[in-house]
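# Fold and geometry: a report
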Amino acid sequence: MSTHLRRIVLLLAVLLSVSLPAAGTVAAAQPTVKVFVDTDIGVDDAVAIAYLLRSREADVLGFTTVAGNTTVENATNNLLTLLDVAGVQEPVAVGAAAPLQFPRSRTGAFVHGPDGLWFAGTPHDLASLPQDAPAAIAAAARANPGMTLLALGPLTNVAQAAQRFPEDLRSVKIVALAGTRGPGNSSPVAEFNAFFDPHALDIVLESGLDVTLVTLDAFSTVTFDSAEFPQHLAQEGGALGQFLAQPVGAYMMAQTQGASGPAAIADVAAAVYVLRPHLGQATSALVDVSTDTGLTRGQTVMATTVNQRVTMIATDAQLSELADKFLTPGFDLALALGQILMSRPDNAQVVLVVKGKTIARLVEHALTRY
Ligand code: BDR
Ligand code: CA
C-alpha cells in the first residue's frame, strides 16, 4: 500500500473508532489536560511522552526522572535527548536513584537495553538540573491545581512527594502505570513498576490521594505490529519518529524474542487514558501490594466486589466469628459487614480494560502524521 493511501486508511480507522457526534450536534473539542510526567524512560515511556508532546490536548508541564528501566542518570539523559529531538524545552528534575527499600533491579536492560533506550540517548549535563523530584512535583501541583501526575515508572518519587507534600498533592490526579490483576511481567504475579518499588506503591495507595492504576491487564492489549510500526515511525514520523524507530524496533523484538507479530507498548496506555479516559474502564477498588521479598513481591491484590472487599479487610478468624453467630436471633450480619467495609474504604480506581486497538491507532496516527 502506498504511503499516501496508508495514511488515509489510518486516518479513517481513527475517525471511525472514535465515537462520532450524533447528526446535528457539534463535536466537542477535546479539553486540554495539564500533565506532569514522572518517568523511568525507557522505550515505551519515550513513545508515550512523544505522543503527549504531539497531542494538542496535552499541556505538558514538566518532568521528573526515576530509576526503573535503567539508572536515573540514563533515564535523565534519555529524556533530555528526546526533548532535544522534539525541539521542546520543559523543566526536568532528577529523582530517586533506587527504590525505597529494595536494591535497584537491573532487569529492565533485557527489554530497554543497558542504557534504557537501546543506545539512542546521548549524555547531557545533569549536574545543572534540580535534583529534588518530589519538590518539583509539589511545586508544579501548587502552580497547577487539578493537574494530572502521570507516573510511568516505579512510584518512588511520587511516594516521597505524597509523604513530604501531602497538602500540595491533595488536588492532583495521580495516574500510574502499575499493577496487575492477572499474570505479571516481572514475576508470575507482579507487574514491573509495582515489583521494582512495592513500598512506594504501598505509600501511594495508603496516601488518601486520588489514585488511578492503569494495569497490565489493560496495557497488554495496546499492541503494535513489531515489523511495521518501527518502519512507519522511520518513514513518516519526522525527526521524532526517526529517533524512536530503532529503539522501538529493538524493544519490540526483545518482547517477541525475534519473531514478527504484535507487541505491547505499555506506557502509551496510561498517556492516552489521561487525555481520553473514555477509552478505558475505571473501577473503584481496594488495592493492596505485597512488599514481601519472596514470590509475591509487588503482587497487587484488587477487591472490586463486596465479598472480595470483606475478605480482604477482615481476617479469617473475624469472619469465622460472624459465621458462628449469623443465624442468632437479633444479630445483624449486614451491620457487621458494613462496619468491616467502612473500616477500609477503596483507595484507587483500577483500569483493567482499555480499547487497545483504538489507543494503538491514535498513537500511531499522532506519531506518523509528519
Ligand atoms: C512497565 O515496566 C517498564 O518496563 C515499562 O516502562 C512500563 O512502565 C510495564 O510493566
Ligand atoms: Ca516506564
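Overview of the structure. (Residues numbered from 1 in each chain as written. Chains lettered and ligands numbered in written order. Predicted model: local features only at pLDDT ≥ 70, side-chain atom pairs only at ≥ 80, totals over all residues. Heavy atoms only, no water.)

### Description of the coordination of the calcium ion (ligand 2)
Counted only if it meets this: With water excluded from the atoms, a metal site may look incomplete; its donors are any N, O or S atoms within 2.8 Å, or within 3.2 Å for Na, K and Ca. Only DSSP runs of H or I reaching four residues or more are called helices, and only runs of E reaching two or more are called strands; each is numbered from the N terminus. Each residue's exposure class comes from its accessible area (1.4 Å probe, protein chains only) as a fraction of the maximum for that residue type: buried when under 20%, exposed when over 50%, partly exposed otherwise.
Around the calcium ion (ligand 2), the donor atoms from the protein are D40 (OD), D45 (OD), D45 (OD), L152 (O) and D267 (OD), and they sit 2.2 to 2.6 Å away. The sequence pattern describing where the donors of the calcium ion (ligand 2) fall on their chain is D-x4-D-x106-L-x114-D. Pair noted here: D45 is in helix α2 (residues 43-53) and L152 is in the loop between β4 (148-151) and α6 (156-164), with a separation of 107 residues, a long-range link. The exposure class of D45 is buried, given its relative accessible area of 0%. Of the residues examined, L152 reaches a relative accessible area of 1% and is grouped as buried.

### Quick look at the site of ligand 1
Applied cut-off: It suffices for a single heavy atom of a residue to lie within 4 Å of a molecule or strand for the residue to be listed as near it. Any pair of nitrogen or oxygen atoms within 3.5 Å is treated as a polar contact; in protein, a donor-acceptor pairing is required on top of that, and neighbouring residues in sequence qualify only through side-chain atoms on both sides. Per-residue and other accessible areas follow the Shrake-Rupley method at a 1.4 Å probe size, with only the shown protein chains counted as cover for residues.
Close contacts around ligand 1 come from 13 residues, with D44, N69, N185, E191 and D267 the closest. One of the side-chain nitrogen or oxygen atoms of N185 is found 2.9 Å away from an oxygen atom of ligand 1. Here E191 contributes a side-chain N or O atom positioned 2.5 Å from an oxygen atom of ligand 1. About the coverage of ligand 1: the protein hides 94% of its 280 Å² of free accessible area. Of all the elements in the fold, those that place two or more residues in the shell around ligand 1 are α2 and α8 (192-196).

### Some details on the sheet that holds β4
What links the strands of a sheet is backbone hydrogen bonding, and the strands pair in either a parallel or an antiparallel sense. So the rule is basically this: Strands pair, by our definition, only if DSSP identifies at least two bridges between them. Axis geometry follows a simple rule: fit a line to the C-alpha atoms, using only the stretch in contact for helices, then measure angles between N-to-C directions, giving values from 0 to 180 degrees.
Judged by pairing direction, the sheet is mixed, and its nine strands sit side by side in the order β3-β2-β1-β4-β5-β6-β11-β9-β10 without closing on themselves. Looking at which strands have only one partner, the edges of the open sheet turn out to be β3 (92-94) and β10 (300-303). The mean inter-strand angle of the sheet, taken between neighbouring strand axes irrespective of direction, is 30 degrees. Relative to strand β5 (residues 173-177), β4 runs parallel, the two being bridged by four bridges.

### So, the pairing of strand β11 (residues 348-354)
Regular strands place their side chains on alternate faces of the sheet. Most of β11 sits out of view: five of its seven residues are buried. Here three bridges tie strand β6 (residues 210-214) to β11, and the two strands are oriented parallel to one another. Bridge pairing in β11 places T212 opposite Q349. Note that strand β9 (residues 280-289) and β11 share six bridges and pair antiparallel. If you follow S284 over to β11, its bridge partner there is Q349.

### A look at the pattern of salt bridges
The condition is simple: Note on definitions: salt bridges are taken to be side-chain nitrogens of Lys or Arg within 4 Å of carboxyl oxygens of Asp or Glu.
Scanning all chains against the criterion turns up eight salt bridges. A salt bridge links D288 to R344; the nearest nitrogen and oxygen atoms lie 2.9 Å apart. Of this pair, D288 sits in strand β9 while R344 sits in the loop between α16 (333-343) and β11; the two residues are 56 residues apart in sequence, bridging distant segments of the chain. With a relative accessible area of 22%, R344 lands in the partly exposed category. Overlapping salt bridges bring together E206, D288 and R344 as one network.

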